[in-house]
Each structure stands twice: as structure tokens, then as C-alpha cells.
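# Structural overview
This is what each chain is made of:
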Amino acid sequence: MSLAALLAIGGGVFWYAHASIASKSGGHTANDGSDVGVMLGLADSAYKDKHLLAPVGSNMYEFYFSVLQLDPNNSTAMERLRDMFKPACDVVESTINSGDLDEAQRELSLLRMYDPHNYKLALLGSVLDAQRVIERRKHEAEAARIQAQQAAAGQRAN
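Right, let's walk through the structure included here. In this text the structure is predicted, and so the values were computed from the model without any measurement.

Orientation of helix α6 (residues 101-114) relative to helix α7 (residues 119-157), taken along the N-to-C sense of each, is 160°, at an axis distance of 11 Å. It follows from the interaxial angle that α6 and α7 lie roughly antiparallel. Pair α6 / α7 crosses with left-handed handedness. Residues Leu101, Asp102, Ala104, Gln105, Leu108, Leu111 and Arg112 of α6 form the contact with α7, whose own contacting residues are Leu121, Leu124, Gly125, Leu128, Gln131, Arg132 and Glu135. Here the residues of the contact of α6 with α7 sort into seven nonpolar, three polar and four charged.

Put into C-alpha cells, the structure is as follows:
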């Protein structure tokens, strides 16, 4: 086979693969110069870096939501959001367990934008609420301890 024939076949395979990807994502590919393409590129980078829900404004879920605002039927965005839902739930659970409850609430809100009626999110919401109650009780106990110390110190001063 000649070099020209190999190049022609190679070019055809490349064109077919590119066209297949483009049709799968609504005619847009990452970094194709369009707004959707730019957002797909950013989302893909966040996905590869495992930035599923954080940092704020620069994570996979927010970027793919932006893609869907521009192209509501973008199959790449819908597929990635679906595929990464369970790992994203694990991130929320880990954030709750680390005690960063405000961040966990933000992450949970992002996932609820994707699937507001999901049972796993309802469970995570309950765990988050329980952690907030525990945290509030710790703060109340600490305040009572400080108040008792101050009262005892005041009595000794008299």
C-alpha cells in the first residue's frame, strides 16, 4: 500500500472519529471555539483532575451545567453528570465527615440541581442536618462551660 493511500485512510478514520464525537455532543467538541466547546473543555479538565464539586466555580458539575444551559441536549454533559453522580455523592459524604458542613451543603445543593428527588441525596441531607445538630449542641455546651467558669470566677472575686 502506498503512503498516500495510508494517509487517506488515516485521515478518513480521523474525520469519522471526530464527526462521531461531534454528533454525540450535539455538534460540539471540547475547545472547538464555540461557547459550548470551551465549557466542554473546562468540564473535561475538571473531570480529569477529579474536581467533581469543588472548588467553587471551577468544578465538573458547574461546567457541565453551563454546557446544558447552552446546549440542553448535550449528551456528553448528561452522560458525565450521570456517570459521576455516585462518586460526587461520596465527595459530599466525605465533606460532611470532615466537618466542613457549609461546603457539604453547597455540594449537596449542586447535586440536587442534577437530581432533586434522589434518595441518596435525601439521606445525605439527613446526615448533614444531624451533624449540624451535633455541632450546635457542642457549641451550646462550650458556651455553658464558659459561662459557668465566668460565674465561678466572679464569685471568687467577691
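Further notes follow.
With that settled, the discussion passes to unusual backbone geometry. The omega torsion across Ala54 and Pro55 is 5°, close enough to zero to call that bond cis. For Pro55, the location among the structural elements is in the loop between α2 (35-48) and α3 (60-70). Phi is positive for Lys50, which is not a glycine, with a value near 60°. Here Lys50 shows up in the loop between α2 and α3. Residue Lys50 is classed as exposed on the basis of its relative accessible area, which comes to 63%.

Between its first and last C-alpha atoms α2 spans 20 Å; for 14 residues at 1.5 Å apiece the expected length is 20 Å, and the two agree. Those residues of α2 lying buried are Val36, Gly37, Met39, Leu40, Gly41, Ala43, Asp44 and Ala46. Along its buried surface, α2 packs onto α3 and α4 (75-83). Of the residues trailing α2, Lys50 is marked for its positive phi of about 60°.

Moving on, we get to the packing of aromatic side chains. This model, assessed by the stated rule, comprises three aromatic pairs. Relative to Phe65, the ring of Tyr61 lies with its centre 5.8 Å away and its plane at 70°, an arrangement referred to as edge-to-face. Of the two residues, Tyr61 and Phe65 both sit in helix α3, four residues apart, roughly one turn of that helix. Across the pair, exposure class does not vary: Tyr61 and Phe65 are buried alike. For the pair Tyr61 and Tyr114, a centre-to-centre distance of 6.2 Å together with 85° between the ring planes defines the contact as edge-to-face. Note that Tyr61 is positioned in helix α3 and Tyr114 in helix α6, a separation of 53 residues in sequence. On the accessibility criterion, Tyr61 (0% relative accessible area) is buried. Across the ring face of Tyr47, the terminal group of Arg80 is positioned such that the distance to the ring centre comes to 3.9 Å.

Right, let's talk about the side chain of Glu107 for a bit. Along the chain, Glu107 falls in helix α6. Arg106 provides the closest opposite charge to the buried, salt-bridge-free Glu107, at an N-O distance of 4.4 Å. For Glu107, the contacting residues outside a window of four places in its chain are Leu53, Ala54, Val91, Val92 and Thr95.

What counts and what doesn't
- Counting from 1, residues in each chain are numbered in the order their sequence is written.
- Reporting in this predicted model follows two pLDDT cut-offs: at least 70 for local features of residues, and 80 or more for side-chain atom pairs to be given and counted; totals over whole chains, interfaces and linings ignore these cut-offs and use all residues.
- Side-chain figures throughout are based on the complete set of non-hydrogen atoms in the structure, without hydrogens or water.
- All axes here are fitted lines through C-alpha atoms, helices being fitted over the stretch that makes contact, and every angle between N-to-C directions spans 0 to 180 degrees.
- Working definition: helices are DSSP H or I runs of at least four residues, strands are E runs of at least two. Numbering for both runs from the N terminus.
- In what follows, roughly perpendicular refers to angles from 65 to 115 degrees, roughly parallel to angles under 35, roughly antiparallel to angles over 145, and oblique to any angle outside these ranges.
- Helix crossings fall into two classes, left-handed where the near helix is turned counterclockwise from the far one by less than a right angle and right-handed where it is turned clockwise.
- Working rule for contacts: check all heavy atoms of both residues, and any pair within 4.5 Å makes them a contact.
- Polarity classes work like this: nonpolar for Ala, Val, Leu, Ile, Met, Phe, Trp, Tyr, Cys and Pro, charged for Asp, Glu, Lys and Arg, and polar for all others, with Gly in that last group.
- Whether a residue is buried, partly exposed or exposed follows from its accessible area with a 1.4 Å probe, protein chains only, as a fraction of its type maximum: under 20%, in between, or over 50%, in that order.
- Expected span of a helix, by definition, is 1.5 Å for each gap between consecutive residues, and there is one gap fewer than residues.
- Two rings from Phe, Tyr or Trp (for Trp, the six-membered ring) form a pair when their centres are within 6.5 Å of each other. A pair whose planes differ by under 30 degrees is stacked, one over 60 is edge-to-face, and the rest are tilted.
- A positively charged side chain is recorded as over a ring if its NZ (Lys) or CZ (Arg) lies within 6 Å of the ring centre. The angle to the ring normal must also be within 35 degrees.
- When charges are counted, Lys and Arg are positive and Asp and Glu negative, with His and the chain ends excluded.
- The salt bridge definition used is simple: a Lys or Arg side-chain nitrogen within 4 Å of an Asp or Glu carboxyl oxygen.

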